[in-house]
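Descriptive structure summary
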Amino acid sequence: MSRAFTKEDSWEEPIIPPRPPLPDGVPNYVTPRGLALLRDEQVRLEGERTRLETVVDDAARKMRIVLARRLGELAGRIATAEVIDPARQTHDSVRFGARVTLENSKGETRVLQIVGVDESDPDHGLVAFTAPIAKAILGCGVGDTARLKTAAGEEPLTIRAIDYPIPA
């Protein structure tokens, strides 16, 4: 049997989460923290690529290719980043960088912060400005009710508080 089709020769790209897409024509807004995270990732990946330069096996060669592609994508994101400092936003309504306390129709509250696409982490309350919930509440003030369209219908979300955290 030809070795061309054996399992030993197969290679799967290492699991590096793909960079979240930025819709066409949408600026690459980032918070100062978000830009710092991108730069930290770049330094980490460059260090890994440098470390792998001395390794001569196939796995290392393939990983260098993956890292080069990832570093190219990252360089593009950093180059197009438009830093929006939450501390400089007007605090009367929900804008990029705002930390917002929302209340649903059941009286349950949720706090989220509107951030850049690369900084998004919904499990920790960081929501991309391109996400439906962010789009629903952008421009709203305290006491306003936004309508979030979901698969189950519209969900009313009342803005209970807005603040703009000062980056550490």
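The structure displayed is predicted, hence computed values, not measured ones.

1. What to know about the overall build of the protein
Per the secondary structure count, the protein includes 3 helices and 7 strands. Mapped from its N terminus to its C terminus, the protein presents α and β elements in the order β-α-α-β-β-β-β-α-β-β. Of all 168 residues assigned to the protein, the portion counted as buried reaches 35%. Counted over contacts in the protein with a minimum sequence separation of 6, partners at least 24 positions apart contribute 56%. By element, 53% of the accessible surface of the protein is carried by carbon and sulfur atoms, the whole surface being about 10500 Å².

2. Digging into the confidence of the model for the protein
With 88% of its residues at a pLDDT of 70 or more, the protein shows a mean pLDDT of 86. A low-confidence stretch, residues 1-14 (pLDDT under 50), is modelled with 10 contacts involving residues beyond four sequence positions or located in other chains.

3. Quick look at the nonpolar core
Residues V94, L102, I114, I133, I137 and I159 are the most contacted members of the largest nonpolar core, which totals 22 residues. Mapped onto this core, the elements with two or more residues apiece are β3 (99-103), β4 (109-115), β5 (126-128), α3 (132-137), β6 (145-150) and β7 (153-163). Apart from the residues within four sequence positions on either side, L102 is in contact with E108, T109, R110, L112, I133, I137, L157, T158 and I159. Listed in part, the 12 residues of the second largest apolar core include L38, L45, A60 and I78.

4. As for the pairing of β6
Here β6 runs beside β7; their pairing, made up of 6 bridges, is antiparallel. The partner of T145 across the bridge, within β7, is T158. The hairpin turn running from β6 into β7, its antiparallel successor, is 2 residues long.

5. Re the packing of helix α1 (residues 32-52) against helix α2 (residues 58-80)
As a packed pair, α1 and α2 sit with axes 10 Å apart at the nearest point and diverge in direction by 155°. By the angle class used here, α1 and α2 are roughly antiparallel. Both α1 and α2 take part in a crossing whose hand is left-handed. Contacts between α1 and α2 involve L35, L38, R39, E41, Q42, L45, E46, E48, R49 and L52 on the former and, on the latter, A60, M63, R64, L67, A68, R70, L71, L74, A75 and I78. Here the residues of the contact of α1 with α2 sort into 12 nonpolar, 1 polar and 7 charged.

About the thresholds
- Residues numbered from 1 in each chain as written.
- Predicted model: local features only at pLDDT ≥ 70, side-chain atom pairs only at ≥ 80, totals over all residues.
- Heavy atoms only, no water.
- Helix = DSSP H or I, 4+ residues; strand = E, 2+ residues; numbered from the N terminus.
- Buried < 20%, exposed > 50% of the residue type's maximum accessible area, 1.4 Å probe, protein only.
- Contact = heavy atoms within 4.5 Å.
- Areas by Shrake-Rupley, 256 points an atom, 1.4 Å probe, with all protein chains shown as cover.
- pLDDT = per-residue confidence, 0-100.
- Core = buried A, V, L, I, M, F, W, Y, C linked by side-chain atoms within 4.5 Å.
- Pairing = 2+ DSSP bridges.
- Axes fitted to C-alpha atoms, helices over the stretch in contact; angles between N-to-C directions.
- Parallel < 35°, antiparallel > 145°, perpendicular 65-115°, else oblique.
- Left-handed = near helix turned anticlockwise from the far one by under 90°.
- Nonpolar A, V, L, I, M, F, W, Y, C, P; charged D, E, K, R; others polar.

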